[in-house]
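Residues per chain are reported as follows:
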Amino acid sequence: MDSETRKILQQVKDGVISVDDALLQIKTQPFADIGYAKVDLHRKVRQGAAEVIYGAGKTPQQIDGILTALEAAGESTILITRMKPEAASFIGERHALTYDAQSGIGIVGSMPQPDGIGTILVVTGGTSDIPVAEEAALTAQALGNRVARLY
């Protein structure tokens, strides 16, 4: 069972929320249909990691719409991969964006505290590997992992 569902059930057990409120959280509309995309709002409940926005091929306005849907659903850390600088500029005016131009990673919200077991080591064979290595490292961190880099 994933950590989000377990957390909800623990809140019921502890008397923090009612059974009805827990049921509502678990069964709320699983997708937000925003016309050009169906945003998966239940991925974190089902798989332990929220929807990631693949920025390549999306307009800044499309990224903004998906971000807005995820924020409205309560996501606190939203990862955008393959994000172009122009999209980062547009999104940065509307959301609390941290953007790493080298890797093309954008993160809206705060980085979670690491909750995994151990440390993921990201290693490169040379300087030309650093952008993709940094993309992997930032993705792992945004998903709640402790990361060490060896570049």
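Residues numbered from 1 in each chain as written. Predicted model: local features only at pLDDT ≥ 70, side-chain atom pairs only at ≥ 80, totals over all residues. Heavy atoms only, no water.

(A) Molecular detail of the packing of helix α4 (residues 60–72) against helix α5 (residues 85–92). Here α4 crosses α5 at 45°, and the two axes come no closer than 9 Å. By the criterion of interaxial angle, the relationship of α4 to α5 is oblique. The handedness of the crossing between α4 and α5 comes out as right-handed. From α4, Pro60, Gln61, Ile63, Asp64 and Leu67 reach across to α5, where they touch Ala87, Phe90 and Ile91. (Axes fitted to C-alpha atoms, helices over the stretch in contact; angles between N-to-C directions. Helix = DSSP H or I, 4+ residues; strand = E, 2+ residues; numbered from the N terminus. Parallel < 35°, antiparallel > 145°, perpendicular 65-115°, else oblique. Left-handed = near helix turned anticlockwise from the far one by under 90°. Contact = heavy atoms within 4.5 Å.)

(B) Region of the structure containing the nonpolar core. Ranked by size, the top nonpolar core spans 19 residues in total, and within it Ile53, Ile63, Leu67, Ile80, Met83 and Ile91 carry the most contacts. Looking at this core, the elements that each hand over two or more residues are α4, β4 (77–81) and α5. With five residues, α4 is the single largest residue contributor to this core. (Core = buried A, V, L, I, M, F, W, Y, C linked by side-chain atoms within 4.5 Å. Buried < 20%, exposed > 50% of the residue type's maximum accessible area, 1.4 Å probe, protein only.)

(C) Region of interest: unusual backbone geometry. Its identity is not glycine, yet Arg82 carries a phi of approximately 50°, on the positive side. Counting through the fold element by element, Arg82 comes out in the loop between β4 and α5.

(D) Here's a closer look at the sheet that holds β4. What the four strands build is an open sheet, ordered β3-β4-β6-β5; its pairing is mixed. Where the open sheet ends on each side, the last strands, each with one partner, are β3 (53–54) and β5 (97–100). Here β5 runs beside strand β6 (residues 105–109); their pairing, made up of four bridges, is antiparallel. Within β6, the position partnered with Leu97 by the bridge is Val108. Together, β3, β4 and β6 form the strand contacts of α4, whose direction differs from that of β4 by roughly 160°. Sitting on the sheet, helix α6 (residues 130–142) touches β4, β5 and β6, and the angle it makes with β4 is about 160°. (Pairing = 2+ DSSP bridges.)

(E) Structural view of α6. Along its 13 residues, α6 runs 18 Å from first to last C-alpha, staying within 8% of the 18 Å computed at 1.5 Å per residue. In this structure, the buried residues of α6 make contact with β4, β5, β6, β7 (119–123) and β8 (146–150). Just past α6, the residue Gly144 takes up positive phi, approximately 90°. (Expected span 1.5 Å × (residues − 1).)

(F) Representation of the pairing of β8. Sheet topology note: the β7/β8 ladder contains five bridges and is parallel. Counterpart to Ile120 in the pairing with β8 is Val147. Each parallel crossover has a hand, and the one from β7 via α6 to β8 is right-handed. (Right-handed = clockwise from strand over helix to strand, strands pointing away.)

(G) Quick peek at α5. Buried within α5 we find Ala87, Ala88, Phe90 and Ile91. Looking straight down α5, one finds its buried side chains confined to an arc of 165°; they lie on one side. The elements touched by buried residues of α5 are α4, β5 and β6. (Arc of directions from axis to C-beta.)

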